[in-house]
Amino acid sequence: MKFATKAIHAGQHADPTTGAVMTPIYQTSTYKQASPGEHKGYEYSRGTNPTRKALEDCLAALENGKFGLAFSSGMAATDTVLRLLKPGDEVLTGDDLYGGSYRIFTKVYAQYGIKFVFVDTSDLEAVESAVTDKTKLIWVETPTNPTLKLADIEAIGKIAKKYAVLYVVDNTFASPYLQNPLDLGADMVMHSATKYLNGHSDVVMGALILNDEALYKQLWFFYNAVGGTPGPQDAFLALRGLKTLHVRMKAHCENARQIAEFLKTHPKIEKIYWPGFADHPGHDVAKKQMRDFGGMISVVLKDADLKETFRIASRFQVFTLAESLGGVESLINHPATMTHGSIPKEARERVGVVDNLLRISVGIEDVDDLIEDLNQVLGD
Ligand code: P1T
């Protein structure tokens, strides 16, 4: 089955009791058993729920994986992966990451004796030379949040295989419409389903997708034992969002292309990050592993201090100043003080997350209105 058909149908069947075409919201915490242990596959909704199961099967299909797990947030999904580790283990990860990922690594799991090594994952030699006999996990975000660096998923997969290290790709920025890391050698894909997958800024959710059954069972154990699983209403909304993922992603990419072209030569823009430009350092990798360049753009404002950056960020009429991304509406974010505020200044500035950087999540409104909004804000 092709992508659009999977987005609409995978994991979903007409309801056997009523014929309802849409998967019902099974708003139940528990399930009747005929005698202890004799049931229809569902015991208690922390571990299993039919609405969530339909969503997980659809997510697995879209990432070309066998197993999907949905979580109450992207961070809960990340937390579940980190629970596979033991004190003394090392994690090799990128130097440009979502601030919450950096925070859970350095402020939560580091206190349990796990070491996090941050390298530029667009540099394959840096990645390979940072592997030690203690490295147990390689965690890659590509494109990165917020400077849109590209990591070669397949090449890092070869390094992970060579040293027998678990390899996870955070595919939030690309979505499965644009890239499928499992096909390129990743062991697992992680998503903040809050973003493009759900797509309507009305649900917080995370997901893991993988092929290995033994690993799935280990993760399912933590998922059920710890309990960071989403309720059926949210699962229903995310399932509904997935049905238009392919249509939305096309529109995000097209609008972003036009906005990137508009901003590239704008006199108020000092630097622009968008992997679709031939002079973006990751352009060739993006062309190789992505089907288009996505809906995210970051810009450095020319001659703007923090005050001027705040002034600009607060003046949009169509764009909304807010954390998050990947919804139908366009958002502007100031990473240094918002999404990446928990990263120390030197660490973020080293990778370009400066005070005058703004991140743009291009929505699917009429692009003329978006460009006009940018024009009025940057123009004066
Ligand atoms: O917000 P949550 O669903 O828990 O997902 C965390 C997360 C993980 N990975 C990436 C690449 C992310 O971008 C996020 C969340 N990011 C934002 C809220 C943001 O505005 O960047």
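Residues numbered from 1 in each chain as written. Predicted model: local features only at pLDDT ≥ 70, side-chain atom pairs only at ≥ 80, totals over all residues. Heavy atoms only, no water.

(A) Here's a closer look at the pairing of strand S4 (residues 135-141). Of all seven residues in S4, six are buried, a share of seventy percent or more. Bridge count between strand S2 (residues 90-94) and S4: four bridges; the pairing is parallel. Looking at S4, one finds that Val91 is bridged to Leu137. Sheet topology places S4 next to strand S5 (residues 166-170); five bridges connect them, and they run parallel. (Buried < 20%, exposed > 50% of the residue type's maximum accessible area, 1.4 Å probe, protein only. Helix = DSSP H or I, 4+ residues; strand = E, 2+ residues; numbered from the N terminus. Pairing = 2+ DSSP bridges.)

(B) Local environment of helix H9 (residues 245-264). Under the 1.5 Å per step criterion, the end-to-end length of H9 is 28 Å for 20 residues, consistent within 8% with the ideal 28 Å. Residues Leu245, His246, Arg248, Met249, His252, Cys253, Asn255, Ala256, Ile259, Ala260 and Leu263 constitute the buried set of H9. (Expected span 1.5 Å × (residues − 1).)

(C) Region of interest: the sheet that holds S2. As summarised here, the arrangement of the seven strands in space is S1-S7-S6-S5-S4-S2-S3, forming an open sheet in which the pairing is mixed. Among the strands making up the open sheet, the edge pair consists of strand S1 (67-71) and strand S3 (115-119). Ignoring strand direction, the axes of neighbouring strands in this sheet form an average angle of 20°. When strand S6 (residues 188-192) meets strand S7 (residues 206-210), the two strands line up antiparallel, connected through five bridges. Directly across from His191, in S7, lies its bridge partner Ala207. Of the strands in this sheet, S1 and S7 are in contact with helix H2 (residues 50-62), which crosses S1 at around 125°. The sheet contacts of helix H6 (residues 153-162) involve S4 and S5, and relative to S5 the element is tilted by about 160°. (Axes fitted to C-alpha atoms, helices over the stretch in contact; angles between N-to-C directions. Contact = heavy atoms within 4.5 Å.)

(D) Region of the structure containing the UniProt feature "modified residue: N6-(pyridoxal phosphate)lysine" (unreviewed entry) in the protein chain. The feature "modified residue: N6-(pyridoxal phosphate)lysine" (unreviewed entry), as annotated in UniProt, sits at Lys195 in this numbering. By relative accessible area, which is 13% here, Lys195 ends up buried. (UniProt positions renumbered as here; feature names shortened; annotations may be inferred.)

(E) Spatial organisation of the pattern of salt bridges. Throughout the structure, instances matching the rule amount to 17 salt bridges. Salt bridges linked by common partners bring Lys345, Arg348, Glu349 and Asp355 together as one network. (Salt bridge = Lys/Arg side-chain N within 4 Å of Asp/Glu carboxyl O.)

(F) Seen up close, the layout of surface pockets. The computed volume of the largest pocket comes to approximately 560 Å³. Taken together, 23 residues line the largest pocket, and the ones lying closest to its centre are Asp15, Pro16, Tyr26, Tyr42 and Pro50. Its residues assigned to classes, the lining of the largest pocket comprises nine nonpolar, eight polar and six charged. Estimates place the volume of the second largest pocket at around 440 Å³. Lining the second largest pocket are 28 residues; nearest its centre among them are Tyr98, Ser192, Thr194, Lys195 and Ser324. Here the lining of the second largest pocket gets three residues from one element, more than from any other, and that element is helix H3 (residues 74-82). Split into classes, the residues belonging to the lining of the second largest pocket amount to nine nonpolar, 12 polar and seven charged. (1 Å grid on protein atoms, 1.4 Å probe; cavity = no way out; pocket = protein on both sides within 12 Å on 5 of 7 lines; lining within 4 Å. Points joined across faces, edges and corners; volume = space filled by probe spheres on them. Nonpolar A, V, L, I, M, F, W, Y, C, P; charged D, E, K, R; others polar.)

(G) Highlighting the sheet that holds strand S10 (residues 320-321). With respect to topology, five strands assemble into an open sheet ordered S8-S9-S12-S11-S10, the strand pairing being mixed. Only two strands of the sheet have a single neighbouring strand rather than two, namely strand S8 (269-273) and S10. Relative to strand S12 (residues 357-361), helix H11 (residues 306-313) is tilted by about 20°, and along the sheet it contacts strand S9 (296-301), S10, strand S11 (331-333) and S12.

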